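For reference, the chains in residue letters:
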Amino acid sequence: GSNIDGELGIGSTDSNPHARGVQVSVDNVVAISAGYRAVVVVDAAGVAYGAGANTSGELTGTSGNNLTFAYLSVTTGAPSTARVVEAAIGESDALVRDADGVVLGSGDNAYKQLTGLPAQYTSMVVLNGQKVISYVKPSSTGTRKVGRTLTAHVGSFSVRPTHYTYQWLRNGSSINHATKSTYKLTSSDKGKHISVKVTGSRGGGFASGSATSLPTGAIAPA
């Protein structure tokens, strides 16, 4: 197709490459997004590269055209170990999602589509307002008998938390001082139903999310 802005990353603006096959200069590509004037590819290591028009900083770095695929730089403050798993590019901005579920963007921000300030980003920044949302409830395992210990399992969240807190519940009410990932059943739990509330949080302005496991069956005596 058209390569007027160098979006095929072949080192030139040859506008008639459709007459022959072209091979991008990135190995082991696992994801690709083709926009109006640019292309983003992601390799198996989770590194994103872009070629083509970069007039708004959508491919990061100095504005202008990328005639070959160049690394999409990530701003300070974003996860340094971010491994990209998805990418999307529009007319003047680009988005990527990393393996932790964090969404970053670069390029035109005139309508705050990338959130925050300024009106243009020239490196990938974490989009404001993302939430840590539970989509697989936590659970607990262990022998449901007085004197034995239950262990919490956190489930899954839309954005991977960096910290978890726990609150064990007896018949839906909080148990005093039961705030660890394990809970030793006491005589007060006999015949009751135990559940655990897990809260996942992540620094950098992410809203925390919580979910509660299904209650256990009645706790047996010792």
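Residues numbered from 1 in each chain as written. Predicted model: local features only at pLDDT ≥ 70, side-chain atom pairs only at ≥ 80, totals over all residues. Heavy atoms only, no water.

1. Quick word on the sheet that holds strand S10 (residues 139-141)
The condition is simple: In short, DSSP must find at least two bridges between two strands for them to pair. In this text, helices come from DSSP runs of H or I with a minimum length of four residues, and strands from runs of E with a minimum of two, each type numbered from the N-terminal end. A fitted line through C-alpha atoms serves as each axis, taken over the contacting stretch for helices, and the angle formed by two N-to-C directions is quoted from 0 to 180°.
Spatially, three strands are ordered S10-S11-S15 in an open sheet, and the strand pairing comes out antiparallel. Two strands bound the open sheet, and with one partner strand each, they are S10 and strand S15 (182-184). Recorded for the sheet is a direction-independent mean angle of 25 degrees between the axes of neighbouring strands. In terms of strand pairing, S10 meets strand S11 (residues 149-153) through three bridges, oriented antiparallel.

2. Examining the side chain of Asn66
Short version of the rule: Only protein chains enter the calculation, and the probe is 1.4 Å; a residue is then buried if its accessible area is under 20% of its type maximum, exposed if over 50%, and partly exposed in between. Identification of polar contacts relies on pairs of N or O atoms within 3.5 Å, with a donor-acceptor requirement for protein atoms, meaning one able to donate a hydrogen and the other able to accept it, and with residues adjacent in sequence counted only if both atoms are side-chain atoms. The contact definition used throughout considers only heavy atoms, calling two residues in contact when any of these lie within 4.5 Å.
You can see Asn66 is positioned in strand S4 (residues 66-71). Residue Asn66 is classed as buried on the basis of its relative accessible area, which comes to 14%. Here the side chain of Asn66 touches Gly50 through a polar contact of 3.3 Å, landing on its backbone oxygen. Look past the residues within four positions of Asn66 in its chain and what remains in contact with it is Asp5, Gly6, Gly50, Ala51, Gly52 and Leu59.

3. Some details on the pattern of salt bridges
Note the threshold: We define a salt bridge as a side-chain nitrogen of Lys or Arg found within 4 Å of a carboxyl oxygen belonging to Asp or Glu.
A complete count under the given rule lists five salt bridges for this structure. Residue Arg97 pairs with Glu86 through a salt bridge whose shortest N-O separation is 2.6 Å. Separated by 11 residues along the polypeptide, Arg97 in strand S6 (residues 93-98) and Glu86 in strand S5 (residues 84-89) bring together distant segments of the chain. Here Arg97 falls in the partly exposed class, since its relative accessible area comes to 30%. For Glu86, a relative accessible area of 43% translates into the label partly exposed. With its nearest N and O atoms 2.8 Å apart, the salt bridge here joins Asp100 to Arg160.

4. Brief notes about the nonpolar core
Let me state the cut-off plainly: In this text, buried Ala, Val, Leu, Ile, Met, Phe, Trp, Tyr and Cys residues form a nonpolar core when linked through side-chain atoms within 4.5 Å.
Of all hydrophobic cores here, the largest spans 31 residues; its most connected members are Ala48, Trp168, Tyr183 and Ile194. Residue assignment for this core shows that the elements contributing at least two residues are strand S2 (38-43), S5, S6, S11, strand S13 (163-170) and strand S16 (194-201). Counting six residues, the second largest nonpolar core, distinct from the first, contains Val26, Val39, Val41 and Tyr49.

5. Concerning the side chain of Ser213
Along the chain, Ser213 falls in the segment after strand S17 (209-212). The exposure class assigned to Ser213 is buried, which follows from its relative accessible area of 5%. If sequence neighbours within four positions are ignored, Ser213 has contacts with Pro138, Ser139, Ser195 and Val196.

6. As for the pairing of S11
Because side chains alternate across S11, one face comprises the buried residues Leu150 and Ala152, and the other comprises Thr149, Thr151 and His153, none of which is buried. Bridging between S11 and S15 involves three bridges; their strand directions are antiparallel. Each residue of the ladder has a partner; that of Thr151, found in S15, is Thr182.

7. Regarding unusual backbone geometry
The omega torsion across Leu117 and Pro118 is 5 degrees, close enough to zero to call that bond cis. For Pro118, the position within the fold is in the loop between strand S7 (103-108) and strand S8 (120-126). A positive phi angle is found at Lys112, which is not glycine, with a value near 65 degrees. Mapped onto the fold, Lys112 is located in the loop between S7 and S8. Despite not being glycine, His177 has its phi angle at roughly 65 degrees, a positive value. Relative to the elements of secondary structure, His177 occurs in the loop between strand S14 (173-174) and S15.

8. Quick look at the sheet that holds S16
Judged by pairing direction, the sheet is antiparallel, and its four strands sit side by side in the order S14-S13-S16-S17 without closing on themselves. Strands with a single pairing partner mark the edges of an open sheet, and in this sheet they are S14 and S17. Both S13 and S16 contribute to a ladder of eight bridges, which runs antiparallel. Its bridge partner being in S16, Trp168 is matched across the sheet by Val196.

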